[in-house]
Amino acid sequence: MSDLSQPGLRRRLAFPIDKIPLLLFAALLVFFCFQAPWFLSWQNVSVILKQTAPLAILCFGLACVIIGGGDDVVSGGIDLSLPAISVLAVAIISIGVQIEANIFLLALLAVAAALLAGLVNALMVVRVGLPPLLATLASSVAIVGLTNYLTRQRRISIDAPWLVAFRDGTLMGLPWAVWFMLAVFVLYQFVVHHSRWGQHLQASGGSREAAELAGLPVNSLMLRSYLLAAAAAALAALTLLARGSGSSPGAEEPLLLEMVLATFIGTAFSRRRVVTVWGALLGALLVNALSNGLALMRVDIFWVGTVKGVLILLVLAAAAVQRRGQP
């Protein structure tokens, strides 16, 4: 009789288990193709790509933190404050545009606010030693409170010409937001996966002890990963601002759920089953395609959240099973 506690057997069982979330996604997308008549139309595909931009850029930032700190959800790298940071940047720009402030100064202020929030997260995790999950969750709550104070929890609509051009303009048939997302992807893909610094970051997240023995500055690498993630949140603010034509209270809530789901579902596209920037992009596309398909089928918004929550549980469960199967 087989012993399920044996590592080798657990590894064999983990292989199909970690594919379950991706297979469910594939099944749902195939279902949408048959049940939602406009799902595969170019117009709808363009909408999916455009709507993916802010989520994908946030996922690039989260991927940096996870890669540098390890993919254990509790003790590894995680930053739950990224959507809140991005929404804060959107609020700063929206308020500034309303009072006709200089757009370049507003952009600098939004980036500075994002980097300051990232620095606070990094210091709480790296210097103080707080668990990243709790530290960034607390940071997220504080940032949301600050955003609500600045906006008085009201929607701020803006229609500046540059924003309208970015929101509605296209190049070679693709919206500007998509090109912007791809440019940010190329940047983060290079920094994280093709630079020497990125290799050191991956080594730090793979095994902190081994990285320290090799003389790598692990704490410095982790600190910079949080700053890089905050920069991604600032960049995502532009696409989020264009998508909502201004600032909307509570915009960070759905983004948080989708960001975690998309980043971890992206591990299915990695041969080593690890978080990558490329996988984060594909995960974001899948999550937005799922949201779009459910919307086309007029599924109740509360059920959409339920489906995504279940998928997150499946992704995390599959990752846990895989880690237990490692010798």
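Every value quoted in this text rests on a predicted model; they were computed, and no experiment measured them. (Residues numbered from 1 in each chain as written. Predicted model: local features only at pLDDT ≥ 70, side-chain atom pairs only at ≥ 80, totals over all residues. Heavy atoms only, no water.)

Chemist: Is there a simple way to explain the overall build of the protein in this structure?
Modeler: Per the secondary structure count, the protein includes 14 helices and four strands. Buried residues in the protein amount to 48% of all 327 residues. Long-range pairs, those at least 24 residues apart, make up 78% of the contacts in the protein between residues at least 6 apart in sequence. Accessible surface, the protein as shown: approximately 15800 Å² in total, 68% of it carbon and sulfur. (Helix = DSSP H or I, 4+ residues; strand = E, 2+ residues; numbered from the N terminus. Buried < 20%, exposed > 50% of the residue type's maximum accessible area, 1.4 Å probe, protein only. Contact = heavy atoms within 4.5 Å. Areas by Shrake-Rupley, 256 points an atom, 1.4 Å probe, with all protein chains shown as cover.)

Chemist: Whenever I open this one, the pattern of salt bridges confuses me. Can you help?
Modeler: Side-chain pairs of opposite charge can arise whenever the charged atoms involved come near each other. Counted according to the given criterion, the structure contains two salt bridges. Linking E212 and R208 is a salt bridge whose minimum nitrogen-to-oxygen distance equals 3.2 Å. Pair noted here: E212 and R208 are both in helix α10 (residues 208–213), with a separation of four residues, about one helical turn. Residue classification places E212 among the partly exposed positions, given a relative accessible area of 41%. On the basis of relative accessible area, R208 is assigned to the partly exposed category, the value being 31%. (Salt bridge = Lys/Arg side-chain N within 4 Å of Asp/Glu carboxyl O.)

Chemist: Sorry if this is basic, but what is going on with the environment of W179 here?
Modeler: Relative to the helices and strands, W179 is located in helix α8 (residues 176–193). Judged by its relative accessible area of 27%, W179 falls in the partly exposed class. Sequence separation of W179 and A53 is 126 residues, and the distance between their C-alpha atoms is 9.0 Å. Leave out the neighbours within four places in its chain, and W179 touches L171, M172 and L174. A polar contact of 2.8 Å, which involves the side chain of W179, links it to the backbone oxygen of L171. (Polar contact = N/O pair within 3.5 Å; in protein donor to acceptor, adjacent residues only side chain to side chain.)

Chemist: Can you help me understand helix α4 (residues 82–98) in this one?
Modeler: Each full turn of the α-helix corresponds to 3.6 residues, which orients residues three or four apart in the same direction. In this model α4 runs 25 Å from its N-terminal to its C-terminal C-alpha over 17 residues, within 8% of the 24 Å that 1.5 Å per residue would give. The buried count for α4 comes to 15 of 17 residues, which makes it a mostly enclosed element. E100 sits one or two positions beyond α4 and adopts a positive phi of about 65°. (Expected span 1.5 Å × (residues − 1).)

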